Amino acid sequence: MDLKVIGMEGKTPFDEIVSHFTSMGGEVVLMDPDKILGKEHVISAAIHAERSFEEGTNRSKSVLTEIILYAAWERQISKALSKMKPKDGKYVALLIDIDDPQLDAIRMVRNDSLIDATPEKAKTLGLNDPFLSYEQQAVENVAMVELLKV
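Residues numbered from 1 in each chain as written. Predicted model: local features only at pLDDT ≥ 70, side-chain atom pairs only at ≥ 80, totals over all residues. Heavy atoms only, no water.

A. Structural context of unusual backbone geometry. Here Q102, not a glycine, exhibits a phi torsion of approximately 45 degrees, which is positive. For Q102, the position within the fold is in the loop between β3 (90-96) and β4 (109-110). Owing to a relative accessible area of 41%, Q102 belongs among the partly exposed residues under this scheme. (Helix = DSSP H or I, 4+ residues; strand = E, 2+ residues; numbered from the N terminus. Buried < 20%, exposed > 50% of the residue type's maximum accessible area, 1.4 Å probe, protein only.)

Next comes the structure, spelled out in structure tokens:
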């Protein structure tokens, strides 16, 4: 799997964005930027999701949904989907096997600052470990989903 994490914004509908990327031969997971604390948060979720399928410990039927489960730090799929659903035309996109996102074709603008781990996001998500960066805490929470699944 070739993974890229980008931020993007615009008025293009969710379904049209998904169709664009799947028509390019890849896959995409769109997430709420307010719930993402850096690229490693998303990459870690993807790696854990893929491993869960390899080991037969997955909770969902698709790797894409499993990625959302891990990124959301949730045990229940419905809660994870609700938590990570993007709003306001701003997205963090995990691109899978897509070299060039060609955002102009869907009238979207790249904005990677949407991925950044900010103090505001960390506070909203309840992260407050003074010894770890927000991104490290997010990656740690992704790993904790393994324990929640038992």
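B. Quick look at the sheet that holds strand β1 (residues 3-9). Strand order in the open sheet formed by four strands is β2-β3-β1-β4, and the pairing between neighbours is antiparallel. Edge positions in the sheet fall to β2 (27-31) and β4, since each has one partner strand and no second. Along the sheet, helix α2 (residues 39-55) makes contact with β1, β2 and β3, crossing β1 at roughly 130 degrees. (Pairing = 2+ DSSP bridges. Contact = heavy atoms within 4.5 Å. Axes fitted to C-alpha atoms, helices over the stretch in contact; angles between N-to-C directions.)

C. Examining a negative patch on the surface more closely. Together, E27, D97, D99 and D100 make up a negatively charged patch on the protein surface. Relative to the helices and strands, E27 resides in strand β2. (Patch = residues over 30% accessible without salt bridge, like charges linked within 9 Å, V, L, I, M, F, W, Y side chains within 5 Å. Areas by Shrake-Rupley, 256 points an atom, 1.4 Å probe, with all protein chains shown as cover. Salt bridge = Lys/Arg side-chain N within 4 Å of Asp/Glu carboxyl O. Lys, Arg positive; Asp, Glu negative; His and termini not counted. Charge placed at Lys NZ, Arg CZ, Asp CG, Glu CD.)

D. Structural detail: the pattern of salt bridges. Within this structure, the stated rule accounts for seven salt bridges. For the salt bridge of R107 with E16, the shortest nitrogen-to-oxygen distance reads 3.0 Å. A residue pair is termed long-range when its members are at least 10 positions apart, and R107 in the loop between β3 and β4 and E16 in helix α1 (residues 14-23) qualify at 91 residues. For R107, a relative accessible area of 53% puts it in the exposed group. Several salt bridges converge on common partners, so that one network encompasses D32, D34, K35 and K87.

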